[in-house]
Amino acid sequence: MDRTKSIVRTSIIGIAANILLSVFKAFVGVLSHSVAITMDAVNNLSDAFSSVITIVGAKLSAREPDRKHPYGYGRIEYLSAMVIGIIILYAGITSFTESVTKIIHPETPDYGTPALVIVSAAIVVKIVLGLYTKKMGEKVDSDSLVASGKDALNDSIISAATLIAAIIFITTGFSIEAYIGVVISFIIIKTGFETLRDTVSMTLGERITPELAKKVKSSINELEEVRGVYDLIIHNYGSEKLIGSAHVEIPDTLSAVEIDALDRVIAKKVFIDTGIMMGGISVYSTNTSDSVAVEANKKISALVSDYDEALQIHGFYMNHKTKEIRFDLVIDIEAKNKREVLSKVSKRVEEMYPEYVVEVLMDYNFSD
């Protein structure tokens with residue numbers, strides 16, 4: 001299934017549905033003097049505009065890479081989702097202002113059968129549209145579609161609240177629709193804020209999921225020569241452009257030719273298994289047939305466990321000829337005293353092996 005075509009088709013359905021709902025609700029809202037229905041119509045119109053932004057974003061993000069943007073234009077979808085969030089937020093603020101005005105200067109609504117029918121139909125349409133759009137968004141990995149789907153489901157709640165307000169007024173003569181308008185406004189503002197928050201976070205660059213990290217590491221660890229996979233970093237340039245790098249631990253007996261061949265096998269295997277392009281594969285050499293080095297690795301690992309901020313060591317190598325010990329110390333990325341922990345561990349290892357030059361590099365847990 002062509003991803004861009006799926007996004008465009010789903011968005012067009014959303015545009016058509018929202019424009020029809022907006023027109024009918026605006027007409028009924030004006031005739032019945034209902035601020036809640038009128039604000040609901042404005043919300044539907046903003047949803048239609050959001051779908052237009054989604055289409056534009058999908059089209060632009062599908063552009064081929066070029067010299068200026070060698071990783072493609074996939075991140076434009078994050079920007080389009082951000083614009084949608086701003087539109088939703090603006091609609092919510094506008095709705096809130098209008099609702100407060102109606103509370104201060106109330107107008108008596110005049111609900112009729114057409115109003116009730118249209119609002120009831122809107123609830124059903126929005127539930128179906130929301131579920132469909134959200135499902136398609138998850139299927140093609142489109143943040144913009146997922147945001148639109150969630151917004152549509154929120155709209156069904158808004159329409160239901162409007163219907164309840166109408167029923168209460170018809171049965172009791174008491175109008176709460178301006179107050180319902182305030183509640184609707186807060187729901188819209190909340191949706192807009194959450195959309196903005198999530199898309200800004202994605203644009204900044206989020207930690208990959210534990211499931212994806214496990215999948216990539218498992219793919220590499222299946223190779224016989226690999227003793228471990230560390231420092232996995234995945235850069236997201238859009239849902240269809242993931243580029244990764246990793247360190248792999250291999251025996252110190254492999255030749256340069258064998259390492260080169262292994263790098264190529266890893267890159268090909270990870271792409272087939274996960275669709276991720278491995279842009280960089282670095283190696284750690286590990287001691288083979290060296291009981292002294294193995295014992296030293298165990299002792300230093302036990303030493304590191306004394307510090308809560310220190311998670312593990314890897315890339316350990318003990319060179320008896322040059323009298324060197326080197327390894328990476330992985331410190332929790334949220335730890336406040338990283339340098340202090342690094343200094344303490346380095347000093348204790350130097351005291352443990354005074355005849356060796358100890359080189360400890362600080363590393364972070366970029367992925368699980």
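Here is a short report on the structure shown in this document. (Residues numbered from 1 in each chain as written. Predicted model: local features only at pLDDT ≥ 70, side-chain atom pairs only at ≥ 80, totals over all residues. Heavy atoms only, no water.)

## As for the packing of aromatic side chains
Overall, the coordinates contain 6 aromatic pairs when judged by the stated rule. Relative to Tyr 284, the ring of Tyr 230 lies with its centre 6.5 Å away and its plane at 55 degrees, an arrangement referred to as tilted. One end of the pair, Tyr 230, is in strand β1 (residues 228-236); the other, Tyr 284, is in strand β3 (residues 277-286), with 54 residues separating them in the sequence. You can call Tyr 230 buried: its relative accessible area is 17%. Tyr 284 gets classed as buried once you look at its relative accessible area, which sits at 10%. Sitting over the ring of Tyr 73, Arg 63 keeps its end group 4.4 Å from the ring centre. (Phe/Tyr/Trp six-rings, centres within 6.5 Å; stacked < 30°, edge-to-face > 60°. Helix = DSSP H or I, 4+ residues; strand = E, 2+ residues; numbered from the N terminus. Buried < 20%, exposed > 50% of the residue type's maximum accessible area, 1.4 Å probe, protein only. Lys NZ or Arg CZ within 6 Å of the ring centre and 35° of its normal.)

## Details of the sheet that holds strand β4 (residues 310-319)
Sheet strands pair via backbone hydrogen bonds, and the direction of the pair is either parallel or antiparallel. The strand order across the open sheet built from 3 strands is β4-β5-β6, with neighbouring strands paired in mixed fashion. A single partner strand is all that each edge strand has here, and the edge strands are β4 and β6 (357-364). Across the sheet, the mean angle from the axis of one strand to that of its neighbour is 20 degrees, orientation sign disregarded. By the bridge criterion, 7 bridges tie β4 to strand β5 (residues 324-331) in an arrangement that is antiparallel. Its bridge partner being in β5, Ile 313 is matched across the sheet by Leu 329. Across the sheet, helix α9 (residues 291-304) touches β4 and β5, and the angle it forms with β4 is around 155 degrees. Against the sheet, helix α10 (residues 338-352) touches β4, β5 and β6, its axis set at about 155 degrees to β6. (Pairing = 2+ DSSP bridges. Axes fitted to C-alpha atoms, helices over the stretch in contact; angles between N-to-C directions. Contact = heavy atoms within 4.5 Å.)

## Quick word on the pattern of salt bridges
Summed over the entire model, instances satisfying the criterion amount to 10 salt bridges. One salt bridge connects Glu 138 with Lys 134, and the closest N-O pair in it is separated by 2.8 Å. Highlighted residues: Glu 138 and Lys 134, both in helix α4 (residues 113-140), separated by 4 residues, approximately one helical turn. Ionic pairing is found between Lys 269 and Glu 222, a salt bridge with its closest N-O pair at 2.5 Å. Taken as a pair, Lys 269 in helix α8 (residues 256-274) and Glu 222 in the loop between α7 (210-221) and β1 lie far apart in primary sequence, 47 residues in all. If you follow the salt bridges from partner to partner, you end up with Glu 222, Lys 269 and Asp 273 in one network. (Salt bridge = Lys/Arg side-chain N within 4 Å of Asp/Glu carboxyl O.)

## Considerations on empty space enclosed by the protein
Applying the stated criterion across every chain, the model contains 1 cavity of 30 Å³ or more. In this structure, the largest cavity encloses a volume near 130 Å³. Taken together, 16 residues form the lining of the largest cavity, with Asn 18, Asp 47, Ser 51, Thr 133 and Ser 148 sitting closest to its centre. Residue assignment for the lining of the largest cavity shows that the elements contributing at least two residues are α1 (3-32), α2 (35-61), α3 (76-104), α4 and α5 (143-172). (1 Å grid on protein atoms, 1.4 Å probe; cavity = no way out; pocket = protein on both sides within 12 Å on 5 of 7 lines; lining within 4 Å. Points joined across faces, edges and corners; volume = space filled by probe spheres on them.)

## Structural notes on the packing of α9 against α10
Relative to each other, α9 and α10 sit at 145 degrees, their axes nearing to 11 Å. Relative to α10, α9 is oriented so that their crossing is right-handed. Within the contact between the two elements, α9 uses Lys 299, Ile 300, Leu 303 and Val 304 and α10 uses Val 345, Arg 348, Val 349 and Met 352. Within the contact of α9 with α10, the residues separate by chemical class into 6 nonpolar, no polar and 2 charged. (Left-handed = near helix turned anticlockwise from the far one by under 90°. Nonpolar A, V, L, I, M, F, W, Y, C, P; charged D, E, K, R; others polar.)

## So, the pairing of β4
Within a regular strand, side chains alternate between the sheet's two faces. Counting buried positions along β4 yields 7 of 10 residues, so the element is predominantly enclosed. The antiparallel hairpin formed by β4 and β5 contains 4 residues in its connecting segment, where Lys 323 sits at a positive phi of about 55 degrees.

## Side note on the sheet that holds β1
Read across the sheet, 3 strands follow the order β1-β2-β3 without closing on themselves; strand pairing throughout is mixed. Of all strands in the sheet, those bounded by a partner on one side alone are β1 and β3. This sheet shows a mean twist of 15 degrees between the axes of neighbouring strands, independent of strand direction. In the sheet, β1 pairs with strand β2 (residues 242-251) via 7 bridges, with the strands oriented antiparallel. Each bridged residue has a counterpart across the sheet, and for Ile 233 the counterpart in β2 is Ser 245. The strands that α8 touches are β2 and β3; relative to β3, the one it contacts most, it runs at about 135 degrees.

## Let's talk about the pairing of β6
Taken together, the 8 bridges between β5 and β6 define a ladder with parallel strand orientation. Bridge pairing in β6 places Phe 327 opposite Val 360. Taking the sense of rotation as the criterion, the β-α-β connection linking β5, α10 and β6 turns out right-handed. (Right-handed = clockwise from strand over helix to strand, strands pointing away.)

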